[in-house]
Structure formats: C-alpha cells, structure tokens
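Close look at the chain arrangement
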Amino acid sequence: MISTMKPSKGLREAIVFCSGIILLGCLIQAAGWIRGDRLVFPDVIEILRAFFRLLGKQQTYVKIGVTLAHLLEVMAVSAFFGIAIGLAEGLSDTVRTLLKPAMILLRSIPMIVMVVIIMVLTKYDRVPLIASSLFVIPIISEAASEGCRSIEPELIDVYRLNSGFNLRVLRDVYLPLIAGYLRQAYANAVGMGLKLVVTTEYLVQTKNSLGKAVYSSSYFNEYQDIYAYALIMILLVLLVGTLPAILARIREQLSGTGRALAESESTT
C-alpha cells in the first residue's frame, strides 16, 4: 500500500512543480501584454530559444563552471565557520550572547553596502567568496546552534561519563544529532549562496562568470538571455540542492546491499 502511494505522491509533486513553471511563464507573458514592452518581457518561446541556444555554447559551461566553483567555495567556507560558530553558541550562552550583535548585523546589513566595503578592503576576485560567505554563515550557524541546543541532556551526560568534548565526540555525537538541522540549512543556503555569488560577480565584473554574462546581456538589451540565464541558475540550485540527498540515498542503498551480502555469506 505504501509503495503504491509514494510514486503517486512524487508524480503529483512533479506535476505541481511543472505547473508552477508554466505559471511563471504566463506571468511573464502577461506582463509583456500589460506593459506593451516585448524588449523587457519577451515571449516565452523566445526565452526558451535563448535558453537552448546558450546550452549549445561551450562558453556557457565555462561560465557555469566559474560560478559553481565560487558557490562550492562559499558553501565549504560557510559550513566550516558556520558549524564552528553554531556549536560554540549552542554549548555556551556567553558565546551566543557575545556573537548575537554580529549575527544580527550580518543578517540585516544591505548586501550592496557589504560588497562595497569588501571591494575596498580586498581584491575584486575575492569579493564573491568573502561577501557571499559572510551572508551564508549566519544561516548555517543558527541551524547548528539550534540543533545543538535541542540535543537531549541525557545524551550529553552519556559521553561526559567517558570523556570531555573532543573531535571524536564532535564527529560521533554532535554532527549526527544536528544533521537534520544542517540539511535544512544547506537547502536554504544553496539558493541564497548562488544569488549572492551571481550578484557579486555582476558587481565586480568577474571574468567568464554568470554574473558577468547577465551584465553583458543587460548592457546589450538582450533580456531574453537574462531570463535564460535565470533558468540555468534555477537548474543549478535544484542540482546542487538535491545532490546531498541523492548521495545519501545511494549510500543507504549501497550499505543495505553490503549488509544483505554479509548476511547471506554468514548464513552460508
């Protein structure tokens, strides 16, 4: 019964998702009709032509690679510092109170202000990494802190009977228990991170990047290409956002297969 319900649920979600994409296309089409400006709001067919034209160019994948490299760097740096800060906040009320003004500042400061400050302080090629990381770190640190504070005190007392806090306890106790919070934070941080990376690339004119491509398209009034690049970014977010879940599912299947083989060997 359960196995027959899951595919139907997945199919229903896929249909609703595709309907949402069609709705967006209708809104763009309606905006063009209302405003009477097909330059800014081109036909959906024209956007799709630009989308497939861009996918057929080798240079498009070079730009995707540059932006993806920036995004992966941002996620790695943000995960390292975000988890470290979040655990410190979760384990100590003093640290949480001490860092609270900084976290509020990072969440509330306008991005353009932060980017301008970083552009003055460092080289332009480092701006996408530094600026984007500063905005993503609070998302991950808050999730790590909440996950740490939600751990049952009895579980903490168990490891304290044997040892104090160390890297092994972090790996075997804390990270598995806060993994659910971190997965949700990752899903939110990926979309936010890509938008921040592309925006900073746009502002500092990073060579061979999606941000630079969007700037060039706007400069030459190629708005159909701008929408096409937006579709590419949506696909990138879906790809990077669902990749950990796919890898986890593959790992579970492999581990299940390994256990089955071990059990069959033990019985023989």
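Residues numbered from 1 in each chain as written. Predicted model: local features only at pLDDT ≥ 70, side-chain atom pairs only at ≥ 80, totals over all residues. Heavy atoms only, no water.

1. Here we look at the pattern of salt bridges
To keep it simple, the criterion reads: A carboxyl oxygen of Asp or Glu within 4 Å of a side-chain nitrogen of Lys or Arg is what we treat as a salt bridge. Under the DSSP-based scheme used, a helix requires at least four consecutive residues in state H or I and a strand at least two consecutive residues in state E, with every element numbered from the N terminus. Remark: exposure states derive from per-residue accessible area (1.4 Å probe, protein chains only) relative to the maximum for the residue type, with buried under 20%, exposed over 50%, and partly exposed in between.
Here the structure, examined in full by the defined rule, presents four salt bridges. R149 is the salt-bridge partner of D93, the closest N and O atoms lying 2.6 Å from each other. Of the two residues, D93 is situated in helix 4 (residues 93–108) and R149 in helix 6 (residues 127–149); the sequence distance between them amounts to 56 residues. Judged by its relative accessible area of 51%, D93 is exposed. In this structure R149 comes out as partly exposed when scored by relative accessible area, which is 34%.

2. Some remarks on the environment of A143
Note the following rule: Residues count as neighbours in contact if any of their non-hydrogen atoms are within 4.5 Å of one another.
Topologically, A143 is positioned in helix 6. Residues A143 and Y186 lie 43 residues apart in sequence; the distance between their C-alpha atoms is 9.3 Å. Contact partners of A143, with chain neighbours within four places excluded, come to Y181 and A185.

3. Let's talk about the packing of helix 9 (residues 179–204) against helix 10 (residues 210–219)
Note the following rule: Lines are fitted to the C-alpha atoms to define the axes, a helix being fitted only along its stretch in contact, and any angle between axes, read from their N-to-C directions, falls within 0 to 180 degrees. Roughly parallel here means an angle under 35 degrees, roughly antiparallel means over 145, roughly perpendicular means 65 to 115, and every remaining angle is called oblique. Crossing handedness: left-handed means the near helix sits turned counterclockwise from the far one by under a right angle, and right-handed means the same turn made clockwise. Classification used: nonpolar for Ala, Val, Leu, Ile, Met, Phe, Trp, Tyr, Cys and Pro, charged for Asp, Glu, Lys and Arg, polar for all others including Gly.
For the pair helix 9 and helix 10, interaxial distance at closest approach is 7 Å and the crossing angle is 60 degrees. By the angle between their directions, the pair helix 9 and helix 10 is classed as oblique. Helix 10 is crossed by helix 9, and the crossing has right-handed handedness. Taking contact as the criterion, the partners of V198, E201 and Y202 in helix 9 are, on helix 10, L210, G211, K212, V214, Y215 and S218. When grouped by side-chain class, the residues that make up the contact of helix 9 with helix 10 number five nonpolar, two polar and two charged.

4. Regarding the confidence of the model for the protein chain
Inclusion rule: You can read pLDDT as the predictor saying how much it trusts each residue, on a scale of 0 to 100.
With 79% of its residues at a pLDDT of at least 70, the protein chain reaches an overall mean of 81. For the protein chain, per-element mean pLDDT is lowest for helix 1 (residues 2–35), which scores 66, and highest for helix 3 (residues 58–91), which scores 92. Confidence drops under a pLDDT of 50 for residues 1–7, and excluding neighbours within four residues, the segment shows zero contacts in the predicted structure.

5. Structural notes on the side chain of S78
Threshold: Residues adjacent in sequence count toward polar contacts only when both atoms are side-chain atoms; beyond that, a polar contact is any pair of N or O atoms within 3.5 Å, and within protein one must be able to donate a hydrogen and the other to accept it.
Looking at the secondary structure, you find S78 in helix 3. Among the polar contacts made by the side chain of S78, one reaches the main-chain carbonyl oxygen of V74 at a distance of 2.7 Å. Setting aside anything within four residues of it in sequence, one finds S78 in contact with I83, S133, V136, I137 and I140.

6. Re the packing of aromatic side chains
Applicable threshold: Between the rings of Phe, Tyr and Trp (Trp by its six-membered ring), a pair exists once the centres lie within 6.5 Å; its type follows the angle of the planes, with under 30 degrees stacked, over 60 edge-to-face, and the other angles tilted.
Applying the stated rule across the entire model yields five aromatic pairs. Ring geometry for F80 and F81: centres 5.1 Å apart, planes at 90 degrees, overall edge-to-face. Residue F80 is classed as exposed on the basis of its relative accessible area, which comes to 58%. Summarising the aromatic geometry, the rings of Y202 and Y215 are spaced 5.5 Å apart at their centres and angled 70 degrees between planes, so their arrangement reads as edge-to-face. Residue Y202 is located in helix 9, and its partner Y215 is located in helix 10; the two are separated by 13 residues in the primary sequence. Through a chain of ring-to-ring contacts, three or more aromatic side chains come together here, namely Y202, Y215, Y219 and F220.

7. Quick word on helix 6
Rule in force here: Here the expected span of a helix is defined as 1.5 Å times the quantity of residues minus one. Bend is the name given here to the angle between axes fitted to two runs of seven residues, the run ending at a residue and the run starting at it.
If you check helix 6, its first and last C-alpha atoms are 33 Å apart, about what 23 residues at 1.5 Å a residue would give, namely 33 Å. If you look at helix 6, its biggest bend is around 30 degrees, right at L134, and the proline P138 turns up within four residues after that.

8. Let's talk about the nonpolar core
Convention followed: The term nonpolar core refers to a set of buried residues drawn from Ala, Val, Leu, Ile, Met, Phe, Trp, Tyr and Cys, joined through side-chain atoms within 4.5 Å.
Ranked by internal contacts, the top residues of the largest apolar core, which has 47 residues, are V127, Y174, L210, Y229, I232 and M233. It is helix 9 that provides the largest number of residues to this core, a total of eight residues. Leaving out residues up to four positions away in the same chain, V127 has contacts with V115, I118, M119, T122, S132, T200 and V204.

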